[in-house]
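# Commentary on secondary and tertiary structure
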Amino acid sequence: MSSTIYFVTDVELDGPDPSRNSMISFASAALDADSGVIGTFEVNIAPLAGRSPDPHTAAWWATQPLAYEASTRDPRAAEEAMIAFADWVESFAAVRVFASRPLMLDGVWIDEYLRRFAGARVFSAPWEGRQLFHGAGLDIGSLLIGLFGWSYAQAHDVSFPKDWLGGHAHTHRAIDDALGYANVLHCALRVSAAQPKKHEDFRNVPA
């Protein structure tokens, strides 16, 4: 096992606002850069009291009945779900890095729920809570921009080939999407590792 594990995470929501809507499901795939996915976590979460689904999001979910049924079956209380997730993450003895596509969606929601229900954060900081992850997380799209010289628009609109997704269709079921993006990250890391060192890398310039 390598010294770094990436926790590639996908969330499913009943609206866009973490202060007004709820996360109904999420899944995370623990990715070893050398050997691939070495573990998964998946949970459906009961909507939070006092919040209601966004009408536009509800209308979209109505077009995805199979994914919605999978995302709402047998939900667990948010506190129970997030403590179980934090315990699972901590079971990996490595440098742990949160990763998603996009980080500013999945990361923000998971950070909010971890903070509120498990005394933890996605983004490491000098505070007294549980330190689950190292650094500020990895945005997979940003990695692809740097790796291939894409523009932001190209990274946003890209359709990944089946082999890069590891055969996992993007179904809007959290575990399928997390495993697909974990395979994208695994492919990207292999490409990055195989590239020759670049003279522009300031770490290679003698002081």
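Since this is a predicted model, take the numbers as computed values, not measurements. (Residues numbered from 1 in each chain as written. Predicted model: local features only at pLDDT ≥ 70, side-chain atom pairs only at ≥ 80, totals over all residues. Heavy atoms only, no water.)

## Quick look at the overall build of the chain
When you go through the chain residue by residue, the secondary structure sums to seven helices and seven strands. Going from the N terminus to the C terminus, the chain shows its helices and strands as β-β-β-α-α-α-β-α-β-β-β-α-α-α. Taken over the C-alpha trace, the chain has a radius of gyration of 18 Å; the compact-globule value for 207 residues is 17 Å, and the two agree within 12%. Taking the principal axes of the C-alpha coordinates as reference, the chain spans close to 60 × 40 × 25 Å. Of all 207 residues assigned to the chain, the portion counted as buried reaches 44%. Across the chain, contacts joining residues at least 24 apart in sequence account for 66% of those joining residues at least 6 apart. (Helix = DSSP H or I, 4+ residues; strand = E, 2+ residues; numbered from the N terminus. Rg over C-alpha atoms; globule rule 2.2 N^0.38 Å. Buried < 20%, exposed > 50% of the residue type's maximum accessible area, 1.4 Å probe, protein only. Contact = heavy atoms within 4.5 Å.)

## With respect to the environment of Asp74
With respect to the helices, strands and loops of the structure, Asp74 is situated in the loop between α2 (65–72) and α3 (78–90). On the accessibility criterion, Asp74 (65% relative accessible area) is exposed. In this structure the C-alpha to C-alpha distance between Asp74 and Arg101, which are 27 residues apart in sequence, comes to 26 Å.

## Here's the deal with the sheet that holds strand β2 (residues 23–32)
With respect to topology, five strands assemble into an open sheet ordered β3-β2-β1-β4-β7, the strand pairing being mixed. The strands lining the two open edges of the sheet, one partner per strand, are β3 (36–44) and β7 (138–139). Pairing of strand β1 (residues 4–13) with strand β4 (residues 95–100), which is carried by five bridges, proceeds in the parallel orientation. The partner of Phe7 across the bridge, within β4, is Phe98. Across the face of the sheet, α3 comes into contact with β1, β2, β3 and β4 while running at roughly 170° to β3. Relative to the sheet, helix α7 (residues 174–194) contacts β1, β2, β3, β4 and β7, its axis offset from that of β2 by approximately 30°. (Pairing = 2+ DSSP bridges. Axes fitted to C-alpha atoms, helices over the stretch in contact; angles between N-to-C directions.)

## Structural notes on α2
Of all the positions in α2, only Ala67, Ala70 and Ser71 are classed as buried. End-on, the buried residues of α2 take up no more than an arc of 95°, which puts them together on one face. (Arc of directions from axis to C-beta.)

## Here's the deal with the packing of α3 against helix α4 (residues 103–118)
Where α3 meets α4, the closest approach of the two axes is 9 Å, and the angle between their N-to-C directions is 105°. Relative to α4, the element α3 is oriented roughly perpendicular. For the pair α3 and α4, the contacting residues are Ala78, Glu79, Met82, Ile83, Phe85 and Ala86 in the first and Ile110, Tyr113, Leu114, Phe117 and Ala118 in the second. When grouped by side-chain class, the residues that make up the contact of α3 with α4 number 10 nonpolar, no polar and one charged. (Parallel < 35°, antiparallel > 145°, perpendicular 65-115°, else oblique. Nonpolar A, V, L, I, M, F, W, Y, C, P; charged D, E, K, R; others polar.)

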